[in-house]
Amino acid sequence: MDSLSQLAHWPVENASAGVLRGLGQFGDAQGGASGASTSLVGEWGDMDREYEWASLTKLCTSLAVLVAVEEGTLSLDTQAGPPGSTVRHLLAHASGLAPEGHQVLAPPGRRRIYSNAGFEVLGNLVAEKSGIPFEAYLREAVLEPLGMTRSRLMPMGTSATGMTGTAWDLLNLARELLVPTVVHVQTMRLAVTVAFPGLEGVVPGFGHQPACDWGLGFELRDTKWPHWTGSRNSPRTFGHFGQAGGFLWVDPSLNSACVVLTDRQFGPWAVSTWPVLSDAVAAVLAD
């Protein structure tokens with residue numbers, strides 16, 4: 001895919017990227033990690049290089065929480081975080097917890113406050129309810145089933161930001177989001193539906209959004225602008241980006257996914273380059 005050659009001009013030392021296309025209807029649970037229902041459209045860079053994932057970790061943590069819900073270890077309505085908050089609130093950044101620490105900035109369900117602290121609460125809750133360390137639960141519930149053999153939660157790393165991994169493994173994660181296997185299709189559809197609609201908030205690095213829509217751990221593009229995805233991405237696009245300089249998006253309207261990892265921290269360079277790359281990739285996928 002020629003559009004990925006843009007990465008050669010990015011102000012980073014190393015970058016790796018890949019694009020997948022679904023072969024069936026978006027969300028069909030057929031093939032999964034085996035790759036039978038997706039095809040690799042393009043790749044760029046050293047796909048085996050390990051990078052910090054930063055907040056891309058939240059995608060894996062969200063899947064682990066959803067597995068725990070399906071197993072009955074906890075429920076979306078389990079009380080967690082500030083008084084009145086639940087697992088659903090924490091996944092959707094609607095618990096009222098501050099970005100870091102234990103300060104409560106709003107009642108649950110009133111504002112979209114992006115919170116690493118909330119995802120740390122989720123990791124601790126899964127460990128408490130399952131009786132095993134979160135790192136082990138994450139590995140057994142998500143990483144191993146998806147063949148993410150080079151990904152791990154670092155020692156002392158948190159369930160919000162603590163993972164490292166390769167672009168191949170991030171593509172395996174993207175494949176799961178296109179073709180769910182570790183959770184039911186209905187669960188995945190719920191996870192990419194707006195939770196607590198109409199909340200205003202801030203997308204870090206992209207400013208205030210009057211409708212800062214989020215699903216259960218997955219950021220939803222919807223009408224947000226400016227945004228880290230491109231103008232050619234559909235409002236149905238969902239995913240996440242990380243402060244370590246990478247992103248993953250899935251566009252159901254294109255039935256495709258794009259992942260990028262770099263070794264440069266998020267900053268103005270990413271704000272200007274990511275949407276351009278996403279538009280170029282989306283243009284190819286739409287043809």
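Cut-offs and rules
Residues numbered from 1 in each chain as written. Predicted model: local features only at pLDDT ≥ 70, side-chain atom pairs only at ≥ 80, totals over all residues. Heavy atoms only, no water. Pairing = 2+ DSSP bridges. Helix = DSSP H or I, 4+ residues; strand = E, 2+ residues; numbered from the N terminus. Contact = heavy atoms within 4.5 Å. Axes fitted to C-alpha atoms, helices over the stretch in contact; angles between N-to-C directions. Buried < 20%, exposed > 50% of the residue type's maximum accessible area, 1.4 Å probe, protein only. Core = buried A, V, L, I, M, F, W, Y, C linked by side-chain atoms within 4.5 Å. Lys, Arg positive; Asp, Glu negative; His and termini not counted. Salt bridge = Lys/Arg side-chain N within 4 Å of Asp/Glu carboxyl O. 1 Å grid on protein atoms, 1.4 Å probe; cavity = no way out; pocket = protein on both sides within 12 Å on 5 of 7 lines; lining within 4 Å. Points joined across faces, edges and corners; volume = space filled by probe spheres on them. Nonpolar A, V, L, I, M, F, W, Y, C, P; charged D, E, K, R; others polar.

Here we come to the sheet that holds strand E11 (residues 256-262). Taken together, six strands build an open sheet; the order of strands is E2-E1-E11-E10-E9-E8 and the sheet is antiparallel. Among the strands making up the open sheet, the edge pair consists of strand E2 (38-44) and strand E8 (219-220). The pairing of strand E10 (residues 246-251) with E11 spans five bridges and is antiparallel. Among the inter-strand pairings, Phe247 is bridged to a residue of E11, identified as Val260. Strands in contact with helix H5 (residues 167-178) are strand E1 (15-22), E2, strand E9 (238-242), E10 and E11; relative to E11, the strand with the most contacts, it is inclined by about 155°.

Let us look at unusual backbone geometry. Leaving glycine out, the prevailing phi sign among residues is negative, and the prevailing peptide bond configuration is trans. A cis amide bond links Trp225 to the next residue, Pro226, at an omega of 0°. Within the secondary structure, Pro226 is located in the loop between E8 and E9. Positioned with a positive phi, Met156 is a non-glycine residue whose angle comes to about 70°. By the element assignment, Met156 lies in the loop between strand E4 (152-153) and strand E5 (163-165). In this structure Met156 comes out as exposed when scored by relative accessible area, which is 83%.

The next thing to look at is the nonpolar core. Residues Leu63, Val87, Leu138, Leu173, Phe218 and Leu248 are the most contacted members of the largest nonpolar core, which totals 62 residues. No other element matches helix H1 (residues 57-71), which puts eight residues into this core. Core analysis: the second largest hydrophobic core is formed by 27 residues, Leu4, Ala17, Tyr114 and Leu254 among them.

Quick look at the pairing of E9 now. Most of E9 sits inside the fold, with five of its five residues counted as buried. Here E9 shows two buried faces, one formed by Phe238, His240 and Gly242 and the other by Gly239 and Phe241. As defined by bridge partners, E8 adjoins E9 across two bridges and the pair is classed as antiparallel. Counted as the bridge partner of Glu219 is Gly239 from E9. For E9 and E10, the ladder comprises five bridges, and the chain directions are antiparallel. Bridge assignment links Gly242 to a residue of E10, and that residue is Gly246.

Topologically, Asp222 is positioned in the loop between E8 and E9. Of the buried charged residues, Asp222 lacks a salt bridge, with Lys224 as the closest side chain of opposite charge at 6.5 Å. Once residues within four sequence positions are removed from consideration, Asp222 is found in contact with Val194, Asp213 and Pro235.

In this structure, the largest pocket spans a volume of roughly 170 Å³. Together, Glu120, Gly123, Asn124, Phe134, Glu135, Leu153, Met154, Gly157, Thr158 and Ser159 line the largest pocket. Of all elements in the fold, only helix H3 (116-130) and helix H4 (134-143) reach the threshold of two or more residues within the lining of the largest pocket. For the lining of the largest pocket, the element with the highest residue contribution is H3, accounting for three residues. Tallied by class, residues from the lining of the largest pocket come to three nonpolar, five polar and two charged.

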